[in-house]
Amino acid sequence: MLQLLPDTPIVPFTILLAVVLTVPPIFERLRLPGLVGLLVAGVILGPSGIQLLSSDDQIMKLFTDIGKIYLMFVAGLEIDLAEFRKTKERSLGFGVATFALPLIGGILVGQLFGFGWNSSVLIGSLLASHTLLGFPIVNRLGVVGNEAVTVTIGATIFTDIAALLVLAICVSIHAGEFSVASLGVQLVTLGLYSAAVLFGLDWAGREYFRRTGDEESNQFLFVLLAVFLASVGAQAINVDQIVGAFLAGLAVNDVVGRGPVEEKIEFVGSTLFIPFFFVGMGLLLDVQAFVDSLTTDLGLTLGIIVALVVGKFLAAAIAKILYRYNWNQAFTMWSLSMPQVAATLAAALAGFDVGLISESVFNGVIVLMLVTSILGPLMTTTFASRLPQPKIDLKTENALTKQEYPEDGLPHPFTVVVPVYNPLTVRYLVEMAALLARHESGFIVPLSIAQAHVHMDEVELDSAMRMSRRLVNRSVEISKEFKVEAQPDIRIDDDIAEGISRTAKEQNADLIVMGWSEIGGLRARLFGNIINNVFWSCHCPVAVMRFLDEPTNIRSILVPLKHITPQTSQEITFALMFADTNQGEVTFLHVCDPRTAQQQISDFESQLSTLISQSSFNVKTEIRTIRHDDISRVITEESKYIDLVILRSIRRRTAGGLAVSNVTMEVIQDLTCSMLLFGEPHT
């Protein structure tokens, strides 16, 4: 049957798409990382299995190279430089320790098993970096703000850069005659190249983004060009291309920011090319040699694992002593710095390709990845759940409070912008906005946008203008029923989302109330939609409605909360404000990990009670905490007897280059009651 397949590059590409679509979800259901499934799929489809794919195929080599470059670029792009700057001294201190100690351990293992100094140093560097696979866990537990976690995240910058620089030096030494002079030339060349990438791409990116404004497609292409230019430049100075990709990620980090361009970059990488890389790694894995590494070469494999685990633990223990952390913080740092995925696998493949490390070491690194990618997150779940929630001053962090005019500092009325474009939903939207505006003694701005054409006398534009007038007139009539002032606005704009955001800024709006449209799916991820783009570009909170009944009939509201942050305080205030308009009641649902300490739950409930008491709304509230692994299922079950569920929009992140599931999207698909998606600016 396999021989019947046509000899065309489309075949391996189709097979890879099928693998990426089906295999990771199966392994995640088995409580195993999706990337492990991709490796297994590569083994089954490769020379050690049914021989459907080959690592020697030029198409697979291209996909693997692109995936490797993309993986390291995303690793650099996802590093939060703002958080690093807050604790840079301690992050550098821990970074040095968690880099140097495993490096020394790896060198000793290499020497013990008869490898040369150059190979031994490379083995040590493979253990020195770390991948933050545990970030989604600490984020879910609400302890990202804990200093120990922030320091560990910041240390990633140092360990990844240092490990890649060691790789670059080792590969260049392996490629030629070693001498002090040649090493000095290589270091100087590498330093000049790094400066050119970090500062040159940063400057070029800022200039290009400033000149292109909102042209996301061209900005996306600029970033891709920058990545591959940096990779080609790295190869030109005899440095592996992943060094250039990582430096490019750091260089455009601040330029891209946490915006829609970064979202598209990460989505394309985590959906296509990075999974292709892991499948390619599986193709390289020789099953017989892998079994040998667990039998005849078991000592080497165990030595690599022990050197990593002990080295990372000693680094965390040193940080505990120097920075006076408790043991829970130290163990959390240890578990977060243990997983070896992104930089380790990419560097191991680079060293293996040039013959600097043997197949036994390469297989040992695969075993190391499997062990640490499972052990690290499990330990993070255990120890991070014991960390106290960071204290937050909630009084000054609420955007739904009375604003002031920038010109004279005087307070202005509560303003709600209501984009109307569907005659079937206009009543519910205006009702919702009017209820909130009346409660706060403000006014609403019914907004209809006619999309611009090249020729402003087009028949379609005239028709759109007539529809806009009917919509805003209908909105004014509805607002009169609620005795709320309406200041309608019709504008022509080539971008509807930008038109909404610009109007909200011009009106100094406190809130935007919008109707629901599909926000998931491939098209929305690649090209965005109105809701996504308004979330990214607006200056104020946005409430997106999918109501099954009139807003005036809503009495019971469910608000799922993961943890208390300045952002969630806005969602809480909004829920209380809306409930107060209808004399309704609000249930705050806290679904936590089953292993969460009781003290953490008590701290959460205490902070939430304090926030509720600080509000000026007279609303009946209930705080309910449920320990459960499946957050979306609990929310769906609890919503069966509720009129409205208020969810919060959270930007998708990736960990190790693979997409992290979005609980909000899962809940939206299963809800059978009215739903409101609340988003803060730039989410």
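The rules behind these values
Residues numbered from 1 in each chain as written. Predicted model: local features only at pLDDT ≥ 70, side-chain atom pairs only at ≥ 80, totals over all residues. Heavy atoms only, no water. Helix = DSSP H or I, 4+ residues; strand = E, 2+ residues; numbered from the N terminus. Buried < 20%, exposed > 50% of the residue type's maximum accessible area, 1.4 Å probe, protein only. Contact = heavy atoms within 4.5 Å. Areas by Shrake-Rupley, 256 points an atom, 1.4 Å probe, with all protein chains shown as cover. Phe/Tyr/Trp six-rings, centres within 6.5 Å; stacked < 30°, edge-to-face > 60°. Lys NZ or Arg CZ within 6 Å of the ring centre and 35° of its normal. Core = buried A, V, L, I, M, F, W, Y, C linked by side-chain atoms within 4.5 Å. Expected span 1.5 Å × (residues − 1). Salt bridge = Lys/Arg side-chain N within 4 Å of Asp/Glu carboxyl O. pLDDT = per-residue confidence, 0-100. Polar contact = N/O pair within 3.5 Å; in protein donor to acceptor, adjacent residues only side chain to side chain. Pairing = 2+ DSSP bridges. Right-handed = clockwise from strand over helix to strand, strands pointing away. Patch = residues over 30% accessible without salt bridge, like charges linked within 9 Å, V, L, I, M, F, W, Y side chains within 5 Å. Disulfide = S-S within 2.5 Å.

Draft legend 1. Representation of the overall build of the protein. Counting secondary structure elements, the protein contains 27 helices and 13 strands. Each of the 683 residues in the protein was classed as buried or not, and the buried ones make up 57%. Across the protein, the fraction of contacts at a sequence separation of at least 24, relative to all contacts at a separation of at least 6, is 81%. Only carbon and sulfur atoms are counted for the fraction: they give 59% of the accessible area of the protein, which is about 28,900 Å².

Draft legend 2. Main features of the packing of aromatic side chains. According to the stated counting rule, one finds 14 aromatic pairs in the structure shown. Note on Phe313 and Phe331: the rings are 6.3 Å apart at their centroids and 25° apart in plane angle, and the pair reads as stacked. Of the two residues, Phe313 sits in helix H15 (residues 298-323) while Phe331 sits in helix H16 (residues 327-336), which places them 18 residues apart along the sequence. The partly exposed category is assigned to Phe313, whose relative accessible area is 28%. Measuring from centroid to centroid gives 6.0 Å for Phe331 and Trp334, while their planes differ by 45°, and the two rings are tilted. Taken together, the positions of Phe331 and Trp334, both in helix H16 and three residues apart, correspond to about one turn of that helix. By way of ring pairs, the aromatic residues Phe13, Phe63, Tyr70, Phe73, Phe273 and Phe276 are connected into one cluster. When the ring centre of Trp327 is taken as reference, the NZ or CZ atom of Lys320 above it lies at 4.8 Å. Taking NZ or CZ as reference, Arg546 lies 5.6 Å from the ring centre of Trp516, over its face.

Draft legend 3. View of the nonpolar core. Ranked by internal contacts, the top residues of the largest apolar core, which has 116 residues, are Phe73, Val223 and Leu345. Contacts of Leu345, omitting those with residues within four sequence positions, involve Phe277, Phe278, Met281, Val365, Ile366 and Met369. With 48 residues, the next largest nonpolar core counts Ile557, Ile564, Leu644 and Phe678 among its residues.

Draft legend 4. Representation of helix H3 (residues 58-77) in the model. In this model H3 runs 28 Å from its N-terminal to its C-terminal C-alpha over 20 residues, within 8% of the 28 Å that 1.5 Å per residue would give. Of all 20 residues in H3, 14 are buried; the element is thus mostly enclosed.

Draft legend 5. Representation of the pattern of salt bridges in the model. Evaluation of the coordinates by the stated rule reveals twelve salt bridges. Ionic pairing is found between Arg624 and Glu622, a salt bridge with its closest N-O pair at 3.4 Å. The salt bridge involving Asp630 is made with Arg633; its shortest N-O contact spans 3.7 Å.

Draft legend 6. Local environment of the confidence of the model for the protein. Within the protein, residue pLDDT values average 79, and 85% of them lie at 70 or more. Scored below 50 in pLDDT, residues 652-660 makes 36 contacts in the model with residues more than four places away or belonging to other chains.

Draft legend 7. Geometry of the side chain of Thr64. Looking at the secondary structure, you find Thr64 in helix H3. Look at Thr64 and you get buried, because its relative accessible area is 11%. A polar contact is formed between the side chain of Thr64 and the backbone oxygen of Met60, at a distance of 2.8 Å. Excluding its chain neighbours within four sequence positions, the residues that come into contact with Thr64 are Phe277, Gly280 and Leu349.

Draft legend 8. Region of interest: the pairing of strand E7 (residues 556-561). By the criterion of burial, E7 is predominantly enclosed, with six of the six residues buried. Residues Ser556, Leu558 and Pro560 point to one face of E7 and Ile557, Val559 and Leu561 to the other, with burial holding for every one of them. One ladder, built from six bridges, connects E7 with strand E8 (residues 585-592); its direction is parallel. Note on E8: the bridge partner recorded for Ser556 is Glu585.

Draft legend 9. Highlighting the pairing of E8. Along E8, seven of the eight residues are buried, which leaves the element largely enclosed by surrounding structure. Bridging between E8 and strand E9 (residues 620-627) involves eight bridges; their strand directions are parallel. Bridge pairing in E9 places Cys592 opposite Arg627. Crossover E8 to E9 through helix H25 (residues 598-614) is right-handed.

Draft legend 10. Representation of a nonpolar patch on the surface. Taken together, the side chains of Val40, Ile44 and Ile50 define a hydrophobic patch exposed on the protein surface, amounting to about 240 Å² of accessible area. Tracing the chain through its elements places Ile44 in helix H2 (residues 34-45). Of the residues examined, Ile44 reaches a relative accessible area of 47% and is grouped as partly exposed.

Draft legend 11. Molecular detail of the state of the cysteines. Tallying each qualifying case throughout the model produces zero disulfides. Cys538 takes part in no disulfide bond, and the closest cysteine sulfur to it belongs to Cys540, at a distance of 5.3 Å.

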